[in-house]
Amino acid sequence: MLKECGNCKTSCINSTGKDIDHQTRVKAVLVGAPNVGKSALFSALTGVYATISNYPGTTVEIVSGKISVAGRIVEIIDTPGMYSLSPITEEERVAKEVLFTSNPDLVVHVVDSKNLKRSLPFTFQLIEAGFNIVLVLNMADEAERSGITISVPDLENVLSIPVLQTVATKEKGIAELANLLGKESSKTKLPLKPFSKSDLSLNSVEHLVEKHKVASTICLNIVSKTKKDGVKSRREQIEKVLLNSITALPILILVMFAFYQVVGVFGAQVLVNWLEVSLFRETVNPTVTEIVTRLVPWVTIQDLLISDYGILTLGFRYAIAIVLPIVGCFFLFFSLLEDSGYLPRMALLLDSLFKKIGLSGRSVIPIVLGFGCATMATLVTRTLETKRERLIATFLLALAIPCSAQLGVILGLLSSSPLLVLLFVLIIGSVFFSAGFLLSRLLPGKQPLFYLELPPLRVPSLKNIFKKTSLRVWWYLKEILPIFILASVIIWIGQISGLFNVIVKIIAHPVALLGLPKEAATAFFFGFFRRDFGAAGLYDLVQKGVISEVSLFVASVTLALFMPCVAQLSMTIKERGAKTAVIMAAFIFPFAFLVGWVTHMTFVLGSLL
Amino acid sequence: MTNKNLTQIRKGETVIISALALSDDELLSKVITLGLLPGSTVELIQDKPVLVLKLDETMIAIDKQLAKSITVTSTIEGHA
């Protein structure tokens with residue numbers, strides 16, 4: 001019965017509505033708090049897969065899909081999670097903006113059935129603002145398991161809006177919801193009430209408390225609970241082990257060790273070795289080189305495709321054989337952390353540590369994500385509450401968080417000497433903490449407070465994990481492949497014109513100060529395009545045997561502190577503004593060289609003594 | 001019935017929130033939106049390194065500083 005419209009499956013970022021319409025009759029916006037299954041509902045409705053997560057902050061981009069119900073086209077827009085119409089975080093602001101600018105015929109308020117009482121005040125706000133509301137009580141199965149029963153007809157009577165029960169992950173109640181959306185006519189729309197921060201009458205604390213009281217009264221009559229504690233008590237026991245002051249830290253360390261094993265050992269060493277050496281060096285590259293040499297007689301074009309810096313032999317090799325396996329492993333592990341519900345628990349365990357650098361436990365999520373991809377992580381800083389926290393987190397992501405591709409390559413290269421690995425972690429770690437500490441002292445503003453809703457611990461669904469991992473890897477490839485190819489082209493142009501040599505010569509000066517061979521300048525030059533690209537360049541230097549262990553170490557430290565990549569820089573400009581981004585860059589590059597130089601000098605002095 | 005703040009109760013105790021001593025209206029709305037408002041019953045699950053509260057079916061983590069500004073009264077259950 002549900003049919004997708006082929007041409008606009010995942011369109012519309014920054015939806016303003018009108019421009020993407022073909023023949024849309026009904027437009028519905030999904031809203032709701034984080035972690036209520038909104039994205040699951042969206043994909044169940046539209047067949048379009050949006051990231052479903054067990055923590056707030058994954059739907060930072062607006063996704064829309066279209067379905068046709070009974071000959072009518074319904075456009076459905078998913079929004080980032082929000083708790084109320086008074087936005088707290090940047091992502092909530094985005095959600096609110098979509099809600100008010102997309103001019104929806106219908107707003108579907110999705111709530112967690114277990115938490116109806118707490119969710120109703122938002123429903124009231126939406127009704128007051130003049131939207132046409134459908135209330136969806138999702139996760140009906142979890143509520144049932146907890147012994148909660150909600151009388152839907154009574155709730156419909158009290159609220160005078162349609163109410164539906166669904167289990168989005170099992171596609172229960174979805175057909176009914178789609179039918180309801182299809183029936184909606186766009187004529188009945190009322191003009192919206194502007195709902196700004198200054199509008200005290202609707203937004204004041206008194207009104208909020210009042211709404212919560214009304215919600216409590218309604219729930220008293222409509223929600224009934226019977227004690228059913230079997231499954232829950234086991235969950236609570238696991239919870240206690242995870243958060244207990246004796247067992248929490250060892251478990252956290254164990255999780256990080258597992259993380260290292262999956263990303264640093266399996267991804268960066270086993271998979272990379274296999275793909276890089278066996279697949280590319282021995283099979284793909286010789287074959288491609290032979291084919292290109294036979295088909296393309298012009299040497300200049302051959303250089304573009306198959307030289308040391310060729311699109312095919314270098315661009316694709318870096319992307320597929322070095323970056324992809326590491327990033328893929330990272331996203332796989334990250335998805336597991338997310339869906340199990342461990343990530344928010346990590347946030348609370350690390351809160352007091354993060355307070356020292358002007359952040360709260362909430363920032364743990366973007367920072368950890370930064371170890372995968374700093375670009376994605378910079379986008380996710382939107383989930384932080386104050387401008388100050390967003391600024392500190394963005395800066396630390398740009399300076400001291402090496403992304404997985406880079407970290408994987410570096411750890412792989414240094415793996416023969418555990419002492420150097422330890423030293424690397426120590427240097428980058430101290431830069432991270434001292435930079436954060438200083439920044440939190442220098443920047444005006446209050447220390448953040450920490451509060452976070454903890455989603456229930458869940459056994460992750462394998463299907464969801466793989467879908468999510470592949471979605472993220474896909475996003476990553478879409479971002480990086482063009483840059484890798486562009487970099488190859490730029491280097492090719494640079495080589496033909498001689499410009500490349502000039503730039504490398506310029507960079508060779510600071511590089512020489514670090515005691516590095518001049519070939520390293522090339523890797524550093526790549527590093528300006530992407531940090532991982534630079535690290536991959538180092539990988540090649542080691543393969544060629546032109547770099548000593550100490551030099552490799554110095555180069556690794558310097559590269560790790562560089563701004564991550566062009567994509568991350570442009571994301572920083574987008575999220576924090578050009579001025580901030582330029583100031584950050586102006587500090588970070590010289591500072592990275594400085595730390596590299598100090599490291600080099602320490603080794604030099606050490607060897608003299 | 002004595003007034004305490006959330007950092008002064010024992011782990012496992014169930015209490016009713018009686019007042020929120022927060023001057024910042026924005027922060028106050030955030031806390032209320034989470035469901036922490038006068039009249040709500042919460043159970044203290046963990047007190048270290050931050051507090052973990054159970055409110056109906058939800059777990060909420062809050063830091064000590066925020067917990068200090070939440071005044072609570074013990075329920076009969078908690079005294080027993």
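Residues numbered from 1 in each chain as written. Chains lettered and ligands numbered in written order. Predicted model: local features only at pLDDT ≥ 70, side-chain atom pairs only at ≥ 80, totals over all residues. Heavy atoms only, no water.

Trainee: Got a minute to help me understand the layout of surface pockets in this structure?
Mentor: Which parts of space are left empty comes out when a probe the size of a water molecule is rolled across the atoms. Residues and elements named next belong to chain A. Taken as a whole, the second largest pocket encloses approximately 1200 Å³ of empty space. Forming the boundary of the second largest pocket are 35 residues, of which M256, F259, F371, L407 and V425 lie nearest the centre. Top element by residues in the lining of the second largest pocket is helix α10 (residues 248-295). It accounts for 10 residues. Each residue belonging to the lining of the second largest pocket can be placed in one class, and the counts come to 31 nonpolar, 4 polar and no charged. (1 Å grid on protein atoms, 1.4 Å probe; cavity = no way out; pocket = protein on both sides within 12 Å on 5 of 7 lines; lining within 4 Å. Points joined across faces, edges and corners; volume = space filled by probe spheres on them. Helix = DSSP H or I, 4+ residues; strand = E, 2+ residues; numbered from the N terminus. Nonpolar A, V, L, I, M, F, W, Y, C, P; charged D, E, K, R; others polar.)

Trainee: Help me understand the packing of aromatic side chains, please; the structure alone is not making it clear to me.
Mentor: In this description, a pair of aromatic rings is defined by centroid distance and the angle of the planes. Residue and element names in this part refer to chain A. Overall, the coordinates contain 11 aromatic pairs over all chains when judged by the stated rule. What links up through ring pairs into an aromatic cluster is the set F259, F330, F331, F333 and F334. Positioned above the aromatic ring of Y451 is the side chain of R362, whose terminal nitrogen or guanidinium carbon lies 5.1 Å from the ring centre. (Phe/Tyr/Trp six-rings, centres within 6.5 Å; stacked < 30°, edge-to-face > 60°. Lys NZ or Arg CZ within 6 Å of the ring centre and 35° of its normal.)

Trainee: Hey, could you run me through the nonpolar core in this one?
Mentor: Burial of nonpolar side chains together is a common tendency in soluble globular proteins. All names here are of chain A. Of all hydrophobic cores here, the largest spans 117 residues; its most connected members are F331, L348, F424, F524 and L561. The leading source of residues in this core is helix α12 (residues 311-340), at 12 residues. Not counting residues within four places of it along the chain, the set of residues in contact with F424 comprises L407, I410, L414, F553, S556, V557 and A560. (Core = buried A, V, L, I, M, F, W, Y, C linked by side-chain atoms within 4.5 Å. Buried < 20%, exposed > 50% of the residue type's maximum accessible area, 1.4 Å probe, protein only. Contact = heavy atoms within 4.5 Å.)

Trainee: I tried to follow the interface of chain A and chain B on my own but got confused; where do I start?
Mentor: Interface size is often expressed as the accessible area that is lost when the parts come together. Across the boundary between the two partners, chain A contributes 34 residues, which contact 30 residues of chain B. Where chain A abuts chain B, roughly 2900 Å² becomes buried across the two surfaces, and 63% of that area is made up of carbon and sulfur atoms. Connecting chain A to chain B are 4 salt bridges. The residue K225 of chain A makes a salt bridge to E57 of chain B at a minimum N-O spacing of 2.7 Å. For the pair chain A and chain B, the interface holds 10 residue pairs in polar contact (both at pLDDT 80 or more). Among the secondary structure elements, those contributing two or more residues to the side of chain A that touches chain B are α3 (116-128), α8 (205-222), α9 (230-243), α13 (342-349), α14 (351-355) and β10 (451-454) of chain A. It is α9 of chain A that contributes the most residues to the side of chain A that touches chain B, 5 residues altogether. When its residues are assigned to classes, the side of chain A that touches chain B shows 15 nonpolar, 5 polar and 14 charged. (Buried area = accessible area lost by both parts, 1.4 Å probe. Salt bridge = Lys/Arg side-chain N within 4 Å of Asp/Glu carboxyl O. Polar contact = N/O pair within 3.5 Å; in protein donor to acceptor, adjacent residues only side chain to side chain.)

Trainee: Explain the sheet that holds strand β6 (residues 70-74) of chain B to me, please; I cannot follow it from the model alone.
Mentor: Two strands in a sheet stick together by hydrogen bonds in their backbones, pointing the same way (parallel) or opposite ways (antiparallel). The 7 strands lie next to each other as β10(A)-β5(B)-β4(B)-β3(B)-β2(B)-β6(B)-β1(B), forming an open sheet whose pairing is antiparallel. Lying at the two open borders of the sheet, with one neighbouring strand each, are β10 of chain A together with β1 (3-5) of chain B. When the angles between neighbouring strand axes are averaged without regard to direction, this sheet yields 40°. Two strands pair when backbone bridges link them, and strand β2 (residues 14-20) of chain B and β6 of chain B are joined in this way by 5 bridges, in the antiparallel orientation. Each bridged residue has a counterpart across the sheet, and for L20 of chain B the counterpart in β6 of chain B is I70 of chain B. (Pairing = 2+ DSSP bridges. Axes fitted to C-alpha atoms, helices over the stretch in contact; angles between N-to-C directions.)

Trainee: Please clarify how the pairing of strand β5 (residues 106-112) of chain A should be interpreted in this entry.
Mentor: In summary, the side chains of a regular strand alternate between the two faces of the sheet. Residues and elements named next belong to chain A. The element β5 is extensively covered by neighbouring structure, given that 7 of its 7 residues are classed as buried. Where strand β2 (residues 26-31) and β5 come together, 4 bridges link them in parallel fashion. Looking across to β5, one finds that V29 is bridged to V107. In terms of strand pairing, β5 meets strand β6 (residues 133-138) through 6 bridges, oriented parallel. For V107, the partnering residue across the bridge sits in β6 and is I133. Taking the sense of rotation as the criterion, the β-α-β connection linking β5, α3 and β6 turns out right-handed. (Right-handed = clockwise from strand over helix to strand, strands pointing away.)

Trainee: Whenever I open this one, the environment of G35 of chain B confuses me. Can you help?
Mentor: Along the chain, G35 of chain B falls in the loop between α1 (25-33) and β3 (41-46). Owing to a relative accessible area of 5%, G35 of chain B belongs among the buried residues under this scheme. Distance in space between the C-alpha atoms of G35 of chain B and K48 of chain B is 21 Å, their sequence separation being 13 residues. Here G35 of chain B is in contact with R118 and H212 of chain A together with S40 and L55 of chain B, once residues within four sequence places are set aside.

Trainee: Where do I start with a nonpolar patch on the surface in this structure?
Mentor: Residue and element names in this part refer to chain A. A cluster of nonpolar side chains, contributed by L513, L594, W597 and V598, occupies part of the molecular surface with about 380 Å² of accessible area. If one sorts the elements of the nonpolar patch by residue count, helix α26 (residues 578-608) sits on top with 3 residues. Counting through the fold element by element, V598 comes out in helix α26. (Patch = residues over 30% accessible without salt bridge, like charges linked within 9 Å, V, L, I, M, F, W, Y side chains within 5 Å. Areas by Shrake-Rupley, 256 points an atom, 1.4 Å probe, with all protein chains shown as cover.)

Such coordinate-based values are descriptive only and should not be taken to indicate function.
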